[in-house]
Amino acid sequence: MRSVTINGNTFYNGDCVAGAAEYIPDETVDLIITDPPYGIDGDRLHRHYNRDEEFVVEGYVEVPAAEYGEFSRAWIRQAERILRPGGSLYVVSGYTNLYHILAALRETGLSEVNHIIWRYNFGVYTRRKYVSSHYHILYYEKPGGRRTFNLECRYGTGEQGPDARSLNYRDREDVWTINREYKPGQLKNKNELPTELLAKMMQYSSNEGDLVCDMFLGGFSTARVAIGLNRRVTGFEISEPMFSAKTEEIGAIEPGDLLPGLRVPEKAGDPPNRGKPWTDAEVKHLQARFSELRDAGMTKKDTVATLCQELGRGRWAIEKALKGMGSG
Ligand SMILES: C[S@@+](CC[C@H](N)C(=O)[O-])C[C@H]1O[C@@H](n2cnc3c(N)ncnc32)[C@H](O)[C@@H]1O
């Protein structure tokens, strides 16, 4: 099987069942995120989505519906074998063949953690029934080890939104509304997963340096996000044109390039004045001190960090207050 190694990450151009059996040792993968072919005549999948065909890479390989059950059992058995105890598996699935995937998972020793609904924009257009605008994400774990779940990776448990509801709680509800990405003029797989969706799963369920695997790389979106978040990554794609086009692009990604753009959560217990209303005097002081530090040549980032310390408030609160004053 042809393989390509880029910055220490190896990708395989071939069937994931045979490939995993040959190349991925037992219990070496921390996290699997994967989006298997849907078994619904995927070559026509894109027609529903009203896309510009020119940039869709040919070569999406579909699995005949009649073989879907056995196919699911075969790759899920490999996924179970390569996951470390405590490792996590996320499977993105449409509705049509969901029962095959659920049945295959039930035959393994993996345990269900959550059944997530991913709600997206641009649903499949219909006139005589409701518009289908969700996918299922089956989140499972391999028992026998400590599962990574980074509770405050995106929002501190004490952070509240403008409606006084916990941002952390809301982020961890099992219905996720995340829009698909529209990428005009770029070569893409017929059903690429959005960065935001992949980053969320990776942030909660892995740490930097962990090994992420995608059994069905497609447009390599999992690989792209994993590298961007400084994870190691491996995986399989059976289509040759897709594999060649996408491995070329992967080489250009700077490891960790998504990290600076991540929201920094305010972790519980950090800023002593968190949640307290701002007094007029404090707002005036904030404005004066901000100008003073900036005028002295301090970067905006360092200025905000200094103000967090001085005022005992979190970065988010300081930035919000500065924005309100027109200094953000
Ligand atoms: C739904 S797509 C994956 C899309 C991907 N998550 C993305 O964001 O671009 C499924 C992919 O699996 C590939 N595929 C089909 N059968 C396969 C197999 N046995 N082994 C590896 N890849 C396979 C298809 O060619 C297709 O690109």
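Everything discussed here concerns the structure shown above.
Predicted, not measured: the structure shown is a model, and the values here were computed from it.

Trainee: Before we go on, may I ask you to explain unusual backbone geometry in this structure?
Mentor: The phi angle of most residues is negative, glycine excepted, and most peptide bonds adopt the trans form. Positioned with a positive phi, N7 is a non-glycine residue whose angle comes to about 50°. Residue placement: N7 occurs in the loop between strand 1 (2-6) and strand 2 (9-13). With a phi angle near 65°, F220 is a residue other than glycine that sits in the positive phi range. With respect to the helices and strands, F220 occurs in the loop between strand 8 (211-214) and helix 6 (221-228). Assessed through the 25 C-beta atoms surrounding it within 10 Å, F220 is described here as buried.

Trainee: Explain helix 6 here, please?
Mentor: Within an α-helix, residues lying three or four positions from one another point in the same direction, as the helix has 3.6 residues per turn. Buried residues dominate helix 6, accounting for eight of its eight residues. Turning to helix 6, its buried residues are S221, T222, A223, R224, V225, A226, I227 and G228. On its buried face, helix 6 is in contact with strand 2, strand 3 (29-34), helix 5 (195-205), strand 8, strand 9 (232-236) and helix 7 (240-250).

Trainee: What exactly am I supposed to notice about the pairing of strand 2 here?
Mentor: The two faces of a sheet get side chains in turn, since along a regular strand they alternate between them. Pairing geometry for strand 1 and strand 2, over five bridges, is antiparallel. In the strand pairing of strand 2, S3 is matched with Y12. Between the antiparallel neighbours strand 1 and strand 2 lie two residues, among them N7 with a positive phi of about 50°. Of the strand pairs in this sheet, strand 2 and strand 9 are connected by two bridges, and their pairing is parallel. Its bridge partner lying in strand 9, F11 is registered against G235.

Trainee: Would you mind going over the environment of N121 with me for this structure?
Mentor: Its place among the elements puts N121 in strand 5 (residues 111-124). Accessibility expressed as a C-beta count within 10 Å gives 10 for N121, which makes it exposed.

Trainee: Would you take a moment to explain the nonpolar core for this structure?
Mentor: Soluble globular proteins: nonpolar side chains tend toward being buried together. In this structure, I32, M202 and M215 are the most contacted members of the largest nonpolar core, which totals 49 residues. Excluding anything up to four places from it in sequence, M202 contacts L31, V212, V225, A226, L229 and R231. By size, the runner-up hydrophobic cluster in this structure holds eight residues, among which are L286, F290, L307 and C308.

Trainee: Is there a simple way to think about the pairing of strand 3 in this case?
Mentor: Of all six residues in strand 3, six are buried, a share of seventy percent or more. In the sheet, strand 3 pairs with strand 4 (residues 83-93) via five bridges, with the strands oriented parallel. In the sheet register, L31 faces strand 4, and the bridge partner there is S88. Sheet topology places strand 3 next to strand 8; two bridges connect them, and they run parallel. Residue pairing for strand 8: L31 is matched across the bridge by V212.

Trainee: Would you explain the packing of helix 1 (residues 16-23) against helix 2 (residues 68-82) in this entry?
Mentor: Each pair of packed helices can be summarised by the angle the axes make with each other and by the distance between the axes. Direction vectors running N to C along helix 1 and helix 2 enclose 25°, while the axes themselves pass 9 Å from each other. As judged from the angle between their axes, helix 1 and helix 2 are roughly parallel. Of the two possible hands of crossing, helix 1 and helix 2 adopt the one that is left-handed. In this structure, helix 1 uses C16, V17, A20 and A21 to contact helix 2, whose residues at the interface are A74, W75, Q78 and I82. Tallied by class, the residues present in the contact of helix 1 with helix 2 amount to seven nonpolar, one polar and no charged.

Procedures and definitions
- Residues numbered from 1 in each chain as written.
- Predicted model: local features only at pLDDT ≥ 70, side-chain atom pairs only at ≥ 80, totals over all residues.
- Helix = DSSP H or I, 4+ residues; strand = E, 2+ residues; numbered from the N terminus.
- Buried ≥ 20, exposed ≤ 12 C-beta atoms within 10 Å, placed from the backbone.
- Contact = placed C-beta atoms within 7 Å.
- Pairing = 2+ DSSP bridges.
- Core = buried A, V, L, I, M, F, W, Y, C linked by C-beta atoms within 7 Å.
- Axes fitted to C-alpha atoms, helices over the stretch in contact; angles between N-to-C directions.
- Parallel < 35°, antiparallel > 145°, perpendicular 65-115°, else oblique.
- Left-handed = near helix turned anticlockwise from the far one by under 90°.
- Nonpolar A, V, L, I, M, F, W, Y, C, P; charged D, E, K, R; others polar.

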